[in-house]
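This is what each chain is made of:
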Amino acid sequence: MLDDYFQAFCTMMDSRHRLQQARAQAGYASPSDAARALRDINKNTLISHENGNRPLSRKAAEKYGRLFGVDPGWLLFNADGAEAAPVSLASSPVTIDVPIVSWISAGELGSQDSVVNLSDYPTIPTADLEEGEWIALRVDGPSMNKISPPDSIIFVNLRDKRLVTNGCYVIADETGRATYKRYRPNDNPPFQPASYLDIPPPELEGAITIIGRVKRSMIDM
């Protein structure tokens, strides 16, 4: 019985080192870097797995294997005797530099006459975004705090303007004022806050332009 416990303990210790190696070889210097870049990862959970405070389950190994491009069996058991490095099953996540723009600039994107040069803005490296044209915006205020607390960074696909019920969008009215709201077609107006506070819907003027759909919300812990 004691031998079984000792073997399980050694397996857990080996798993944490292989997880650290897989994360580093995927290009992430720390768990925080991985959590900022990958939408399906929780920084605190990854830290717990890497320091051995939480055993690595098969389900978790499969998720890390997909995100870091390694064999889940290698993470769990050092399958096939791999010792020096994990066997990559997929290419590393593609990282792109997404420009962080101002809300004023986001509103200008809704104007046919305005040209916004996105290369003029600072960028944030981000991985695992679907194909599209992306901008990032920093959230100011609590009107969407059920989804994006204040100071969150949201990632907006400028090529995705399809309206989907309960989808989140950055929109602009005819004055060029941009806002971030959830689409509720049966409400009036159809773009509504998603907040724990009693916040009224925005007062929009004239025709509404869809800047793009918000597909990711991220905040540093």
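Residues numbered from 1 in each chain as written. Predicted model: local features only at pLDDT ≥ 70, side-chain atom pairs only at ≥ 80, totals over all residues. Heavy atoms only, no water.

A. Region of the structure containing the environment of Pro189. With respect to the helices, strands and loops of the structure, Pro189 is situated in the loop between strand E6 (178-183) and strand E7 (191-192). The spatial distance from the C-alpha of Pro189 to the C-alpha of Pro201 is 7.2 Å, given a sequence separation of twelve residues. Apart from the residues within four sequence positions on either side, Pro189 is in contact with Pro201 and Pro202. (Helix = DSSP H or I, 4+ residues; strand = E, 2+ residues; numbered from the N terminus. Contact = heavy atoms within 4.5 Å.)

B. Local environment of the pattern of salt bridges. Under the definition given, this model contains four salt bridges. Between Glu130 and Lys215 there is a salt bridge; the shortest N-O distance is 3.0 Å. Taken as a pair, Glu130 in the loop between strand E2 (123-127) and strand E3 (134-138) and Lys215 in strand E8 (residues 209-218) lie far apart in primary sequence, 85 residues in all. Take Glu130: its relative accessible area is 35%, and that puts it in the partly exposed class. For Arg138, the salt bridge goes to Asp151, with nearest N and O atoms at 3.4 Å. In this pair, Arg138 sits in strand E3 while Asp151 sits in the loop between E3 and strand E4 (153-157), placing the two residues 13 residues apart along the sequence. Under the relative-accessibility criterion, Arg138 is labelled partly exposed at 39%. Residue classification places Asp151 among the partly exposed positions, given a relative accessible area of 46%. (Salt bridge = Lys/Arg side-chain N within 4 Å of Asp/Glu carboxyl O. Buried < 20%, exposed > 50% of the residue type's maximum accessible area, 1.4 Å probe, protein only.)

C. Helix H4 (residues 58-68), seen in detail. Listing the buried residues of H4 in full gives Ala60, Ala61, Tyr64, Gly65, Leu67 and Phe68. Two residues or fewer past H4, Gly69 is found with a positive phi of approximately 75 degrees.

D. Region of the structure containing the side chain of Glu50. With respect to the secondary-structure elements, Glu50 resides in helix H3 (residues 43-50). Looking at Glu50, the relative accessible area reads 6%, which means it is buried. Beyond its immediate chain neighbours, meaning those up to four positions away, Glu50 contacts Arg16, Leu19, Gln20, Arg23 and Pro31.

E. Region of interest: the sheet that holds E7. Across the sheet, which stays open at both edges, the six strands sit in the order E3-E4-E8-E5-E6-E7 with antiparallel pairing between neighbours. Two strands lie at the open edges of the sheet, namely E3 and E7, each paired on one side alone. Note that E3 and E4 share five bridges and pair antiparallel. Considered in E4, the bridge of Ala136 is made with Phe155. (Pairing = 2+ DSSP bridges.)

F. Representation of the confidence of the model for the protein in the model. Taken over all residues, the pLDDT of the protein has a mean of 80, while the share at 70 or more is 82%. Throughout residues 1-13 the model reports pLDDT below 50, and contacts reaching past four residues in sequence, or to other chains, amount to five contacts. Segment residues 79-91 is flagged for pLDDT under 50; beyond a separation of four residues in sequence, or across chains, it makes 21 contacts in the model. (pLDDT = per-residue confidence, 0-100.)

G. Focus on the side chain of Ser152. Structurally, the position occupied by Ser152 is in the loop between E3 and E4. Only 2.6 Å separates the side chain of Ser152 from the backbone oxygen of Pro149, close enough to count as a polar contact. Those residues in contact with Ser152, other than ones at most four positions away along the chain, are Leu137, Arg138, Val139, Ser217, Met218 and Ile219. (Polar contact = N/O pair within 3.5 Å; in protein donor to acceptor, adjacent residues only side chain to side chain.)

H. Spotlight on the pairing of E8. Here E8 lies mainly inside the structure; seven of its ten residues are buried. By the bridge criterion, five bridges tie E4 to E8 in an arrangement that is antiparallel. Paired with Ile153 across the two strands is Met218, which belongs to E8.

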